[in-house]
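Here is how the chains run, residue by residue.
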Amino acid sequence: MKDMTEGNITKQMLTFSMPLMLANFFQQLYGVANTIIVGRYLGKGALAAMGGAIPFMDVMMFLLVGMTMGASILMAEYFGSGDIDRLRMEIATSIVGGAAFTILLSLAALCCISPALRLINTPQSIAPQSASYLRIIFAGLIFTFLYNILSSALRSIGESAVPLYLLIFSSLLNIALADAFVGRAGLGVNGAAYATVISQAAAALACFVYIRIKAPLLRLSLSDLKINLEFFSKTASYSWISGVQQTFLYVGIFLLQGAVNPLGIDSIAAFNAASRVDSLIMAPSDSLALSLMMFISQNNGAGKRERIRAGFVRSMFINCVYTASAVALLLLFSDRIAALFLHADEPDALALCAHYLSFMAFFYLLSAFCNTFQGYFRGIGKMGVTLYATLIQIPIRVGLSYLLAGRVGMDAVATGIGAGWIFMTVYQVWEYRRYIKGEHSDTYRLSWSGQ
């Protein structure tokens, strides 16, 4: 366990965030490995089919991530305040309520596959493969939820290393299985889906076993696994905002696929590959935001305002330094990075991917600002700000992408994303200044009631 309410702030944040960064990297490795394996073994048609499925898959996946994020804020607050009984009740309520929701979500997602693929203009030549891939992924969503809620419980008490080790194991298992199922067993894109589900199940099981053996603070019996209505209500008030935000964000990404799909198979394959690179670049920034959220949640529970402000400033600096370094590497090696995902005998798709990555690089620094503010507002419990920021940026990025795609191709997507981040940053800076100025004002605090 790591109590972040005392001690050197920078050291604590870096110590806690480094395992999160690696964990996020290995989480992204699931998709990256599948993309490389499918692209190498099966070519751009199969890669495009999987790429057409991923946006809808991400909507469902990150709805679950958003739910667990809301619960983890409360877990960290209870741990920071030293209220272990409430921490345990929060975990129990989140597991039971979240599992029931996940089952219902899986059934709904399975029913919506065909309409969703039609909505984003998925070419008929790849639609059957995309649909088959999604059916397997959605059947295994319960394992995704279980891993995320159990690892969130561990992180809420300052334990970020163990989820990393379990995720490394799971990611390596995914690579081995994907290579076996796609390359040797000839299961096509379905093989990549089977590998993902089995690996997620293994990660969830390993997390459960670790808690049973090594984390008595989080260990629950069957009799403990019940819903407490008081906790359910508060958890729902946090989780629904976080879940809706994540859903809306990935619905936006899902709709971006609809702007790319009419551009042809080369563009779909290039965009899928570029999206995986994008995920890898954003992963450390997201992890720093999650680290900041946990740091602030614990200190918010302990009532330590000055540590919260200092943690925010230092996290912003670290995030900007990392992102600037990643941008420099992307500008220097975009063509080589694109070649990791696509065959050399597919020059058009390769060129599209490399150009998109180079163009997109100029906007990434904005994401560092956006993510740090997101971590700050989540940590202090102002979930409404994070939701409104997403509601502002998504229509801008989607609208510009569709408006410009016919003229500038995939550059339209990068332009839309960059413009959305600009507006998101401006809004969050305004809310931050408003909160700091009115932090001790009763009128201001009342304006946040219900968030």
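Residues numbered from 1 in each chain as written. Predicted model: local features only at pLDDT ≥ 70, side-chain atom pairs only at ≥ 80, totals over all residues. Heavy atoms only, no water.

1. With respect to the overall build of the chain
At step 1: A tally of helices and strands in the chain yields 16 helices and 0 strands.
At step 2: Its C-alpha atoms give the chain a radius of gyration of 21 Å, within 12% of the compact-globule value 22 Å for 451 residues.
At step 3: Seen through its principal axes, the chain has C-alpha atoms that stretch 60 × 45 × 35 Å.
At step 4: By residue count, 59% of the 451 residues in the chain fall in the buried class.
At step 5: In the chain, the proportion of contacts linking residues at least 24 apart, taken out of those at least 6 apart, comes to 83%.
At step 6: Surface exposure of the chain reaches about 17500 Å², of which carbon and sulfur atoms provide 67%.
At step 7: Of the side chains in the chain, 30 bear a positive and 23 a negative charge, and the two mean positions are spaced by 3 Å. (Helix = DSSP H or I, 4+ residues; strand = E, 2+ residues; numbered from the N terminus. Rg over C-alpha atoms; globule rule 2.2 N^0.38 Å. Buried < 20%, exposed > 50% of the residue type's maximum accessible area, 1.4 Å probe, protein only. Contact = heavy atoms within 4.5 Å. Areas by Shrake-Rupley, 256 points an atom, 1.4 Å probe, with all protein chains shown as cover. Lys, Arg positive; Asp, Glu negative; His and termini not counted. Charge placed at Lys NZ, Arg CZ, Asp CG, Glu CD.)

2. Thoughts on the pattern of salt bridges
Charged atoms that come close allow side chains of opposite charge to pair.
At step 1: Within this structure, the stated rule accounts for 6 salt bridges.
At step 2: One salt bridge connects arginine 86 with aspartate 83, and the closest N-O pair in it is separated by 3.9 Å.
At step 3: Arginine 88 is the salt-bridge partner of aspartate 224, the closest N and O atoms lying 3.7 Å from each other. Of this pair, aspartate 224 sits in the loop between helix 8 (189–214) and helix 9 (229–260) while arginine 88 sits in helix 3 (residues 84–111), placing them 136 residues apart in sequence.
At step 4: Here the salt bridges do not stand alone but share partners, grouping Asp83, Arg86 and Glu230 into one network. (Salt bridge = Lys/Arg side-chain N within 4 Å of Asp/Glu carboxyl O.)

3. What about the packing of aromatic side chains?
Any two aromatic rings considered together are summarised by their centre-to-centre distance and by the angle between their planes.
At step 1: Per the stated rule, a full pass over the model turns up 13 aromatic pairs.
At step 2: Here the aromatic rings of phenylalanine 271 and tyrosine 356 are separated by 5.9 Å at their centres, their planes lie at 80°, and the arrangement is edge-to-face. In this pair, phenylalanine 271 is assigned in helix 10 (residues 265–301) and tyrosine 356 in helix 12 (residues 347–360), connecting sequence segments 85 residues apart.
At step 3: Taken together, the aromatic side chains of Phe312, Phe373, Tyr376, Phe377, Tyr432 and Tyr435 make up a single cluster linked through ring pairs. (Phe/Tyr/Trp six-rings, centres within 6.5 Å; stacked < 30°, edge-to-face > 60°.)

4. Some words on helix 14 (residues 383–408)
At step 1: For helix 14, with 26 residues, the first-to-last C-alpha span of 36 Å sits near the 38 Å given by 1.5 Å per residue.
At step 2: Considering bend angle alone, the principal kink of helix 14 is centred on tyrosine 402 and spans about 35°.
At step 3: Two residues or fewer past helix 14, glycine 409 is found with a positive phi of approximately 65°. (Expected span 1.5 Å × (residues − 1). Bend = angle between axes of the 7 residues up to and from the residue.)

5. Description of helix 13 (residues 364–379)
Along an α-helix, residues three or four positions apart point the same way, because every turn accommodates 3.6 residues.
At step 1: The end-to-end C-alpha separation of helix 13 is 23 Å, in line with the 22 Å expected for 16 residues at 1.5 Å each.
At step 2: Among the 16 residues that make up helix 13, 13 are buried, leaving the element largely enclosed by the rest of the structure.
At step 3: Phi turns positive one or two residues past the end of helix 13, at glycine 381, with a value near 85°.

6. Focus on the state of the cysteines
At step 1: Going through the model one piece at a time under the given rule, you end up with 0 disulfides.
At step 2: Here cysteine 111 stays unpaired: no disulfide links it, and the sulfur of cysteine 112, its closest cysteine neighbor, is 6.4 Å away.
At step 3: Look at cysteine 111 and you get exposed, because its relative accessible area is 64%.
At step 4: Given a relative accessible area of 38%, cysteine 112 falls into the partly exposed group. (Disulfide = S-S within 2.5 Å.)

7. Remarks on the packing of helix 13 against helix 15 (residues 411–437)
At step 1: Two elements in contact, helix 13 and helix 15, have axes whose closest approach is 9 Å; the angle formed by their N-to-C orientations is 35°. Crossing of helix 13 against helix 15: the hand is left-handed. Judged by residue contacts, Tyr364, Leu366, Ser367, Phe369, Cys370, Phe373, Gln374, Tyr376 and Phe377 of helix 13 engage Gly418, Trp421, Ile422, Met424, Thr425, Gln428, Val429, Glu431, Tyr432, Tyr435 and Ile436 from helix 15.
At step 2: The class makeup of the residues in the contact of helix 13 with helix 15 is 14 nonpolar, 5 polar and 1 charged. (Axes fitted to C-alpha atoms, helices over the stretch in contact; angles between N-to-C directions. Left-handed = near helix turned anticlockwise from the far one by under 90°. Nonpolar A, V, L, I, M, F, W, Y, C, P; charged D, E, K, R; others polar.)

8. Focus: the packing of helix 9 against helix 14
At step 1: In contact at an axis separation of 9 Å, helix 9 and helix 14 are set at 5° when each is read in the N-to-C sense. Taken as axis vectors, helix 9 and helix 14 run roughly parallel relative to one another.
At step 2: Residue composition of the contact of helix 9 with helix 14, by class: 17 nonpolar, 9 polar and 1 charged. (Parallel < 35°, antiparallel > 145°, perpendicular 65-115°, else oblique.)

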